Amino acid sequence: QVQVVELGGDAVQAGGSLRLSCTASGLPFDRFSMGWFRQAPGKEREGVSCFSRSGNLYYTDSVKGRFTISRDDAKNTLYLQMNSLNAEDTAMYYCAVDVSKCGTIVNRPSAWDYWGQGTQVTVSS
């Protein structure tokens with residue numbers, strides 16, 4: 001019954017910004033961790049950012065200072081504000097939801113139970 005939907009992916013030029021959103025239904029939103037992952041063609045899925053059920057925030061080193069994760073519990077929505085985008089950010093971005101805390105699963109995509117369909121981000125140099 002859980003459904004996760006991402007929106008906001010687009011094609012932008014280097015230096016530009018995008019804001020992704022992820023809306024989850026069928027679960028107690030504020031009792032779950034939610035994370036953003038990305039996967040480029042031919043590469044493994046990697047964690048980008050995580051908003052833990054504990055309230056802790058996590059970012060992979062390559063996006064620190066550029067990306068900001070946030071959530072709106074009233075709207076059951078997770079956001080990823082992406083600034084200063086570069087070509088290396090090009091990937092399919094996925095939202096995931098899990099009952100575990102980010103600290104235990106942020107680096108393990110296979111551990112997350114619920115996934116969205118993905119939204120494409122393409123950055124041109």
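Preceding this paragraph is the structure being described.
Residues numbered from 1 in each chain as written. Predicted model: local features only at pLDDT ≥ 70, side-chain atom pairs only at ≥ 80, totals over all residues. Heavy atoms only, no water.

Novice: How should I be thinking about the pattern of salt bridges in this particular structure?
Specialist: Side chains carrying opposite charge are able to pair once their charged atoms draw close together. Tallied over the entire structure, the rule returns six salt bridges. Of the charged contacts in the structure, one is a salt bridge between D30 and R31, with a shortest N-O distance of 2.7 Å. When the shortest N-O distance is used, the salt bridge between D89 and R38 registers 2.9 Å. Here D89 is found in the loop between β8 (77-82) and β9 (91-98), whereas its partner R38 is found in strand β4 (residues 33-39), with 51 residues between them in sequence. Across the pair, R38 and D89 agree in class, each one buried. One network of salt bridges, in which partners are shared, links R38, E46, R66 and D89. (Salt bridge = Lys/Arg side-chain N within 4 Å of Asp/Glu carboxyl O. Helix = DSSP H or I, 4+ residues; strand = E, 2+ residues; numbered from the N terminus. Buried < 20%, exposed > 50% of the residue type's maximum accessible area, 1.4 Å probe, protein only.)

Novice: Looking at this model, I keep getting lost on the pairing of strand β3 (residues 18-25). Mind explaining?
Specialist: Two faces belong to every sheet, and in a regular strand the side chains alternate between them. In this structure, strand β1 (residues 3-7) lies alongside β3, joined through five bridges in antiparallel fashion. Bridge pairing links Q3 to S25 in β3. Where β3 lies against β8, six bridges are found, and the strand directions are antiparallel. Of the residues in β8, the one forming a bridge with C22 is L78. (Pairing = 2+ DSSP bridges.)

Novice: Is there a simple way to think about the environment of Q117 in this case?
Specialist: By secondary structure assignment, the location of Q117 is in the loop between β10 (114-115) and β11 (119-124). For Q117, a relative accessible area of 45% gives the class partly exposed. On a C-alpha basis, the gap between Q117 and Y94 in space is 6.7 Å, while along the polypeptide they are 23 residues apart. The contact partners of Q117, leaving out residues within four places of it in the chain, are V4, V5, E6 and Y94. (Contact = heavy atoms within 4.5 Å.)

Novice: Looking at this model, I keep getting lost on the sheet that holds strand β7 (residues 67-72). Mind explaining?
Specialist: Paired through their backbone hydrogen bonds, the strands of a sheet run either parallel or antiparallel. With antiparallel pairing, four strands are arranged side by side in an open sheet as β1-β3-β8-β7. At either margin of the open sheet sits one strand with a lone partner, and together these are β1 and β7. Averaged over all adjacent pairs, the angle separating strand axes in this sheet is 15 degrees, with direction ignored. Judged from the six bridges that link them, β7 and β8 form a sheet pairing that is antiparallel. Bridge pairing links F67 to M82 in β8. (Axes fitted to C-alpha atoms, helices over the stretch in contact; angles between N-to-C directions.)

Novice: Mind showing me how you'd approach the nonpolar core here?
Specialist: What tends to happen in soluble globular proteins is that the nonpolar side chains get buried as a cluster. The biggest cluster of nonpolar side chains holds 27 residues, and the ones touching the most others in it are M34, W36, F67, L78, L80, M82 and Y93. Counting residues per element, the ones that place at least two in this core are β3, β4, β5 (46-51), β7, β8, β9 and β11. Not counting residues within four places of it along the chain, the set of residues in contact with F67 comprises R38, V48, Y59, L80, Q81, M82, N83, L85, D89 and Y93. In terms of nonpolar packing, the next biggest core, distinct from the first, is built from seven residues, C50, A96, I105 and V106 among them. (Core = buried A, V, L, I, M, F, W, Y, C linked by side-chain atoms within 4.5 Å.)

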